[in-house]
Amino acid sequence: MPKLILSMDGLVLKEIALTKERTSIGRKPHNDIQIDNLAISGEHAAIVTILKDSFLEDLNSTNGTYVNGQPVKKHFLKDNDVVELGKYRLKFVADAVAPASAEYEKSPPLDIPAPAVSGQAPVPRSPTDTQVGMRPTTEYSTMASSPQSSAIGSVRILSGGNAGKSLELSKTLTTLGKPGVQVAVITRRPQGYFLTHVEGAHFPVVNGRTLDAQAYPLADHDVIELAGVRMEFVLKA
């Protein structure tokens with residue numbers, strides 16, 4: 001599993017395994033990684049980890065977040081990247097064993113939102129307008145056999161320039177959204193499909209309810225709104 005090595009002035013302070021889907025970094029004590037220094041904002045940055053992929057997002061910090069000397073707002077972390085927060089350094093170390101092969105999910109971007117489609121039955125969950133085809137999708141392993149995992153999910157675009165098109169969610173990880181606006185990922189697990197917020201000031205919406213930082217289990221016919229695009233999750237055997 002990926003980890004961070006926290007250091008200051010060349011002295012290693014601690015190692016932090018990225019065991020959570022969202023790891024917060026900041027000065028306030030509620031953060032997963034607390035750095036008690038005035039150069040660090042109360043809620044400075046966050047790292048979202050999905051399988052072997054980790055995404056860094058600066059949370060509008062006062063002094064900024066840097067990776068390898070360059071200021072970033074959102075960044076896909078790679079092995080040995082160094083995140084700089086003031087005088088502190090967080091070295092990102094990926095898993096020692098890399099997947100044998102990587103496959104990429106490429107889809108046309110979705111952009112212009114369209115009026116809501118009539119006849120959509122709301123479900124007590126949350127919708128999000130999303131755009132498909134942001135970041136490469138990597139397939140890491142074969143899903144364990146279970147009734148839920150044997151069903152293949154897909155998303156049907158309800159609004160925007162790609163309305164009417166469908167994207168099959170056959171990969172382990174599919175990224176949706178618009179870089180710099182809003183990005184989320186759908187992961188395929190033995191227990192089913194889960195939607196997780198990755199970057200952006202606003203969280204995805206499913207069936208009219210705004211999600212939080214936790215992974216959200218998708219159900220058949222959930223309506224997702226992300227980055228100005230509306231889509232429907234469909235599960236088929």
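Residues numbered from 1 in each chain as written. Predicted model: local features only at pLDDT ≥ 70, side-chain atom pairs only at ≥ 80, totals over all residues. Heavy atoms only, no water.

Chemist: Could you give an account of the overall build of the chain, naming the residues involved and the relevant values?
Modeler: Scanning the chain from N- to C-terminus turns up zero helices and 21 strands. Within the span of the chain, comprising 237 residues, buried residues form 48% of the whole. Restricting the contact set of the chain to residue pairs at least 6 apart, pairs at least 24 apart contribute 53%. Put simply, the chain shows about 11,300 Å² of open surface, and 53% of that area lies on carbon and sulfur atoms. (Helix = DSSP H or I, 4+ residues; strand = E, 2+ residues; numbered from the N terminus. Buried < 20%, exposed > 50% of the residue type's maximum accessible area, 1.4 Å probe, protein only. Contact = heavy atoms within 4.5 Å. Areas by Shrake-Rupley, 256 points an atom, 1.4 Å probe, with all protein chains shown as cover.)

Chemist: Break down the layout of surface pockets for me, citing the residues and quoting the values.
Modeler: By volume, the second largest pocket is sized at about 240 Å³. Forming the boundary of the second largest pocket are 16 residues, of which E57, D58, L59, G200 and A201 lie nearest the centre. Looking at the lining of the second largest pocket, the elements with two or more residues in it are β5 (45-50), β6 (53-58) and β16 (192-199). Its residues placed into classes, the lining of the second largest pocket shows seven nonpolar, four polar and five charged. (1 Å grid on protein atoms, 1.4 Å probe; cavity = no way out; pocket = protein on both sides within 12 Å on 5 of 7 lines; lining within 4 Å. Points joined across faces, edges and corners; volume = space filled by probe spheres on them. Nonpolar A, V, L, I, M, F, W, Y, C, P; charged D, E, K, R; others polar.)

Chemist: Help me get a handle on the sheet that holds strand β14 (residues 173-178), residues and values and all.
Modeler: Reading across from one edge, β14-β15-β16-β19 is the order of the four strands in this open sheet, with antiparallel pairing throughout. This sheet does not close on itself; its edge strands, each paired only once, are β14 and β19 (216-217). Where strand β15 (residues 182-189) meets β16, seven bridges bridge the pair, whose relative direction is antiparallel. Looking at the pairing, R188 lines up with Y193 of β16. (Pairing = 2+ DSSP bridges.)

Chemist: Go over the environment of E43 with me, naming the residues and quoting the values.
Modeler: Note on placement: E43 falls in the loop between β4 (33-34) and β5. Residues within four places of E43 in sequence aside, it is in contact with I25, G26, H30, N31 and L59.

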